[in-house]
Amino acid sequence: MEETKQNVTINKAWKLMEDVYDPEIPVLSIIDLGIVRDIQLSNDAIEIFITPTYSGCPVMDVISMNIRIALTENGFKKIKITQQLSPAWTTDWMIENGKEKLKAYGITPPIGKSFDKKYLEELKVECPHCHSLNTKLISQFGSTACKALYQCNDCLEPFDYFKCH
Amino acid sequence: MENNLFNYTLHLADNSLTMGHRLSEWTGHGPMLEQDIAISNIALDLIGQSRNFYQYAAALKDDSVTEDLLAYLRDAREFKNLLITEIPNGDWAKTIMKLFLFSTYQFCFYQKLIDSSDKQLAAIAEKSLKEVTYHVRWSSEWVIRLGDGTEESNKRIKLAMEEVWPFTGEMFQPAEYESLLINNRISVDVSEIKNDWMGRVKSVLEEATLSYPEDKNTWMQTGGKNGIHTEHLGYLLAEMQFLQRAYPGCEW
């Protein structure tokens, strides 16, 4: 019985995480991004384990604060947020639904799973606007560390590509 | 033993912070927008890595030691970074050459540190390695572009090579605190990664039409790991630490 009650609380916390968004890519929740590793409950304290995307990602602090706000607003009192570095976050953890949302937002989601086997130049990156595969790499670093900048040779629009990581 | 681990962690933190700070000096001054953004992003990665190391170093001490204190309130003599990370940026070619040689070192180094018996160092290495892979790729392409580019770019990257090369020897000479951690597999034996580094550096230089300096007589600068620095670190810290020195305990 006690265990069931605990599970209800933990599930509630998981559900709440679906409404915590990445401030830099506001269409993706932290669940879509796959950065919530675990949620545990002990002695009435809820502990959220998150994995940073990039070491220097400036929004991790904002995300932690937003997690805290979401939980506080829903009756959680004792909240602990723990950053877990290992295993290191990878774009493979981004859920399919998240990738679709990213695409609709105008950012091409990461292609494939292998991080360092393919060089950026060899990838066929689809333009999120006209869906052409005739695109070129402009810069390996885009508006944030997690993205590269591409341009479509057909519609000529520049666009962001979320790099495999 | 504990103090060796603390010093070793600081050495790794100081490397990333100092290099990250130097690269951040390009922010707003890059030769073109995309490269300005790229180098600022690389700086951000490095500063993020240094935070992970400083947080770990602080955790090894009592509560009075914080990551901010370690980064912003130590003097030059206490910094343990490699000298290559503190020397001034110079022109774009020199910045690129510094980053290329240093990133390639970090790449070879982190590949070993992920097997460290110290779980936290291994975790930071695993995280950092992914980022550094991009730094190596980006800086290698620039070395090739400059070396195999115009007469002017070739002249500049060659000069950069001459200026930066004497700072590479130190990478492969362990400090005492580092050596003492090798036996229990906490630290990486840096003398063992030299061949890997050399191979990677050589192949990029070759593509860039540059030659690898084989001269064994090059005087190699050392001291950084033990707190003996060039005069440039003091100026770097004066700027980087200004806020914490002027407004102690300031947070935002």
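Residues numbered from 1 in each chain as written. Chains lettered and ligands numbered in written order. Predicted model: local features only at pLDDT ≥ 70, side-chain atom pairs only at ≥ 80, totals over all residues. Heavy atoms only, no water.

Asks: Go over the overall build of chain B, please, and point to the residues and values.
Replies: Counting its secondary structure elements, chain B contains 10 helices and zero strands. For chain B, the N- to C-terminal ordering of α and β elements is α-α-α-α-α-α-α-α-α-α. The globule rule puts the C-alpha radius of gyration for 252 residues at 18 Å, and the 18 Å found for chain B is close to it. Here chain B, with 252 residues, has 57% of them falling under the buried criterion. Look at the contacts in chain B between residues 6 or more apart in sequence, and 80% of them connect residues 24 or more apart. Accessible surface computed for chain B: about 11,100 Å², of which carbon and sulfur atoms make up 52%. Here chain B carries 24 positive and 37 negative side-chain charges, and the mean point of each set is 3 Å from the other. (Helix = DSSP H or I, 4+ residues; strand = E, 2+ residues; numbered from the N terminus. Rg over C-alpha atoms; globule rule 2.2 N^0.38 Å. Buried < 20%, exposed > 50% of the residue type's maximum accessible area, 1.4 Å probe, protein only. Contact = heavy atoms within 4.5 Å. Areas by Shrake-Rupley, 256 points an atom, 1.4 Å probe, with all protein chains shown as cover. Lys, Arg positive; Asp, Glu negative; His and termini not counted. Charge placed at Lys NZ, Arg CZ, Asp CG, Glu CD.)

Asks: Lay out the domain arrangement of chain A with the relevant residues and their values.
Replies: All names here are of chain A. Taken as a whole, chain A is organised into domain 1 (2-89) and domain 2 (104-162). Put simply, the middle of domain 1 and the middle of domain 2, counted by C-alpha atoms, are 29 Å apart. Interface area, domain 1 with domain 2, both sides summed: about 570 Å², of which 81% is carbon and sulfur. Contact with domain 2 buries surface across domain 1, with Glu24, Ile25 and Tyr54 losing the most and accounting together for 64% of the total. Counting across the domain 1 and domain 2 interface gives zero salt bridges. Linking domain 1 with domain 2 are zero residue pairs in polar contact (both at pLDDT 80 or more). Tallied by class, residues from the side of domain 1 that touches domain 2 come to six nonpolar, no polar and one charged. (Domains from an automatic or database assignment. Buried area = accessible area lost by both parts, 1.4 Å probe. Salt bridge = Lys/Arg side-chain N within 4 Å of Asp/Glu carboxyl O. Polar contact = N/O pair within 3.5 Å; in protein donor to acceptor, adjacent residues only side chain to side chain. Nonpolar A, V, L, I, M, F, W, Y, C, P; charged D, E, K, R; others polar.)

Asks: An account of helix α9 (residues 232-240) of chain B is needed here, citing residue identities and associated values.
Replies: Residue and element names in this part refer to chain B. The set of residues buried in α9 consists of Leu233, Leu236, Leu237 and Met240. What you see down the axis of α9 is that its buried residues fit within an arc of 95 degrees, all on one side. For α9, the exposed residues lying more than 90 degrees away from the buried face are Tyr235, Ala238 and Glu239. Looking at the buried residues of α9, the elements they touch are α1 (2-24), α3 (67-72) and α10 (242-246). (Arc of directions from axis to C-beta.)

Asks: Help me get a handle on the packing of helix α2 (residues 33-60) of chain B against helix α5 (residues 119-147) of chain B, residues and values and all.
Replies: Residue and element names in this part refer to chain B. Two elements in contact, α2 and α5, have axes whose closest approach is 11 Å; the angle formed by their N-to-C orientations is 160 degrees. Considered as vectors, α2 and α5 are oriented roughly antiparallel to each other. Considering only the axes of α2 and α5, their crossing is left-handed. Packed against α2, whose contacting residues are Gln35, Ala38, Ile39, Ile42, Asp45, Leu46, Gln49, Asn52, Phe53 and Tyr56, the element α5 presents Gln120, Leu121, Ile124, Ser128, Glu131, Val132, His135, Trp138 and Trp142 at the interface. Here the contact of α2 with α5 is composed, by residue class, of 11 nonpolar, six polar and two charged. (Axes fitted to C-alpha atoms, helices over the stretch in contact; angles between N-to-C directions. Parallel < 35°, antiparallel > 145°, perpendicular 65-115°, else oblique. Left-handed = near helix turned anticlockwise from the far one by under 90°.)

Asks: Please set out the sheet that holds strand β3 (residues 36-42) of chain A residue by residue, giving values where relevant.
Replies: Strands belonging to one sheet form pairs held by backbone hydrogen bonds; the direction of such a pair is parallel or antiparallel. Residue and element names in this part refer to chain A. In space, the three strands of this open sheet follow the order β3-β4-β5, with mixed pairing throughout. The sheet is open, and its two borders are formed by β3 and β5 (78-83), each paired with just one other strand. Averaged over all adjacent pairs, the angle separating strand axes in this sheet is 20 degrees, with direction ignored. Sheet contacts for helix α3 (residues 60-73): β4 (45-50) and β5; angle to β5, the most-contacted strand, approximately 155 degrees. (Pairing = 2+ DSSP bridges.)

Asks: Outline a nonpolar patch on the surface, listing residues and values.
Replies: All names here are of chain A. Judged by side-chain polarity, Val62, Met65 and Ile69 come together as a nonpolar surface patch covering roughly 240 Å² of accessible area. When you line up the elements, Val62 lands in helix α3. Among the residues examined, Val62 registers a relative accessible area of 32% and is labelled partly exposed. (Patch = residues over 30% accessible without salt bridge, like charges linked within 9 Å, V, L, I, M, F, W, Y side chains within 5 Å.)

Asks: Requested: an account of the environment of B:Ser203, with residues and values cited.
Replies: Examined against the element boundaries, B:Ser203 turns out to sit in helix α8 (residues 194-207). For the pair B:Ser203 and B:Glu231, spaced 28 residues apart in the sequence, the C-alpha separation amounts to 33 Å.

Asks: Requested: an account of α1(B), with residues and values cited.
Replies: If you check α1(B), its first and last C-alpha atoms are 33 Å apart, about what 23 residues at 1.5 Å a residue would give, namely 33 Å. With 20 of 23 residues buried, α1(B) lies mostly within the body of the structure. (Expected span 1.5 Å × (residues − 1).)

Asks: A description of the pairing of β3(A) should follow, citing residues and the corresponding values.
Replies: Residue and element names in this part refer to chain A. The sheet contact formed by β3 and β4 spans six bridges and is antiparallel. Counterpart to Leu41 in the pairing with β4 is Ile46. Counting the residues between successive antiparallel strands, the hairpin from β3 to β4 contains two residues, one of them, Asn43, with a positive phi of roughly 50 degrees.

Asks: Explain the environment of A:Thr51 to me, using residue names and the numbers behind them.
Replies: Here A:Thr51 is to be found in the loop between β4 and α3. For the pair A:Thr51 and A:Arg68, spaced 17 residues apart in sequence, the C-alpha to C-alpha distance is 16 Å.

Asks: Lay out the sheet that holds strand β9 (residues 158-162) of chain A with the relevant residues and their values.
Replies: Residue and element names in this part refer to chain A. Taking strand neighbours across the sheet as the criterion, the four strands line up as β6-β9-β8-β7 in an open arrangement whose pairing is mixed. Of all strands in the sheet, those bounded by a partner on one side alone are β6 (107-108) and β7 (135-139). The pairing of strand β8 (residues 147-152) with β9 spans five bridges and is classified as antiparallel. Residue Tyr150 lies in a different strand from β9, and its bridge partner there is Phe159.

Asks: Help me get a handle on the UniProt feature "domain: MIP18 family-like" (unreviewed entry) in chain A, residues and values and all.
Replies: UniProt records the feature "domain: MIP18 family-like" (unreviewed entry) at residues 15-72 of chain A, using the numbering of this structure. The span residues 15-72 of chain A is 34% helix and 34% strand, and its two end C-alpha atoms sit 14 Å from each other. (UniProt positions renumbered as here; feature names shortened; annotations may be inferred.)

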